[in-house]
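Structure assessment
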Amino acid sequence: MPRTPLCVLSDTIPARVADGHAVDRFVEIGSFTKVLTGTALMRMAAAGLLDVDDPVERLLPAAPRTGITLRHLAEHTSGLPRLPPGAGGRDPYAAFDGDALHRLLGRLDGVVVRPPGQEEEYSNLGYAVLGAALVRAAGAPYEELLAEHVLRPLDVHEVSARPDPHRRLLAPGFLGRGRRPWTMDGAILPAGGLWATPRAVAELLVRLVLERRLGDPAPSWQTAGELHWHNGATRHASVFAGAVADGRWVVVHRLGGSPEATDQAGVDILRGTGPGSS
């Protein structure tokens, strides 16, 4: 059976790594990226660069009036589908670049599957649109606005859309070669394209949720009672990060295997029933 490299960080035990994982190598974090995009939204709103209830077309004039606001996008209530039209295949987002997003914006009213604000439906497409709106409001590329409004204020450095290949860690494949990752540095980047070291994910989790250095957690976090959490999965990587108000927290990252198993490992540790829990 192929190895499934594992990294576990928590408030109760020293870092645990297995099968070649590492706390200081860059790995795909998938939709945990949304936490940072949502935090950037709230920070930019606090700075007066935009309003969370701005309609999409105010910042992205190519879009028709749909009633969708930035808040809808952040809370997954925009009515947009989970994926951009045409996404799929072995590298589902490779063709979804800036031009493709611009063309889609022009027919956004035909892409929505329900009126905004009525129902929650998790949407990668929604966060791609949100990211484009933030870029327009900031007048700077996504990585630059993220660094200015989120990463530097948090003193977190090991986050990148395009990390040094020598510092990347990929899932093991045939004859030990790393498995090729999806192409996610185009328009889908704000929805799930970032890379980070596991220790950077832990820093983000603690500083955003427990220490609240940038204010209340952004609406991009998922919640269950006092638990704030988010996960992320690409083709060959998955992460779970969660923190409880009493100070318990955990980050689990795996290269390979099922994302569901990664989530369950994190939940079990928080409950005190998983390996490495106290």
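Residues numbered from 1 in each chain as written. Predicted model: local features only at pLDDT ≥ 70, side-chain atom pairs only at ≥ 80, totals over all residues. Heavy atoms only, no water.

1. Brief notes about the environment of Val-244
Applied cut-off: Where helices and strands are cited, they refer to DSSP runs of H or I of at least four residues and of E of at least two residues respectively, numbered from the N terminus. Categorising residues by exposure relies on relative accessible area from a 1.4 Å probe, with only protein chains included: less than 20% of the type maximum marks a residue as buried, more than 50% marks it as exposed, and the intermediate range marks it as partly exposed. In what follows, a contact means two residues having at least one pair of non-hydrogen atoms within 4.5 Å.
Structurally, Val-244 can be placed in strand β8 (residues 237-244). By relative accessible area, which is 10% here, Val-244 ends up buried. Put simply, Val-244 and His-228 are 16 residues apart on the chain and 6.5 Å apart in space, counted from C-alpha to C-alpha. Once residues lying within four places of it in the same chain are set aside, the contact partners of Val-244 are Leu-210, Glu-226, Leu-227 and Leu-270.

2. Here's the deal with the environment of Ala-132
Mapped onto the elements, Ala-132 comes out in helix α6 (residues 124-138). When its relative accessible area of 18% is taken as the criterion, Ala-132 is described as buried. Between the C-alpha atoms of Ala-132 and His-149, which are 17 residues apart in sequence, the distance is 16 Å. When neighbours within four sequence positions are excluded, Ala-132 is seen to be in contact with Leu-60 and Leu-101.

3. Side note on the pattern of salt bridges
To be explicit about the condition: What counts as a salt bridge is simple: a side-chain nitrogen of Lys or Arg found within 4 Å of a carboxyl oxygen of Asp or Glu.
Within this structure, the stated rule accounts for 11 salt bridges. Measuring nitrogen to oxygen at the nearest pair gives 3.0 Å for the salt bridge that ties Arg-162 to Glu-143. Of this pair, Arg-162 sits in the loop between β4 (159-160) and α8 (189-192) while Glu-143 sits in helix α7 (residues 142-154), and the two are 19 residues apart along the sequence. Of the charged contacts, one joins Arg-213 and Glu-211 as a salt bridge, the two residues approaching to 2.6 Å between their closest N and O atoms.

4. Re the sheet that holds strand β2 (residues 16-18)
Going by this rule: A pair of strands counts as paired when DSSP detects no fewer than two bridges linking them. Angles shown run from 0 to 180 degrees and are taken between the N-to-C directions of axes, each axis being a line fitted to C-alpha atoms and, for helices, limited to the stretch in contact.
With antiparallel pairing, six strands are arranged side by side in an open sheet as β2-β1-β9-β8-β7-β6. Edge strands, defined here as strands with exactly one partner in the open sheet, are β2 and β6 (222-224). Within the sheet, the average angular offset between the axes of one strand and its neighbour, ignoring direction, is 15°. Two elements, strand β7 (residues 227-233) and β8, share seven bridges in a ladder whose sense is antiparallel. Across the sheet, residue His-228 finds its bridge partner in β8, namely Ala-243. Each of β1 (6-10), β7, β8 and β9 (249-255) is contacted by helix α9 (residues 198-210), which is oriented at about 150° to β9, the strand it contacts most.

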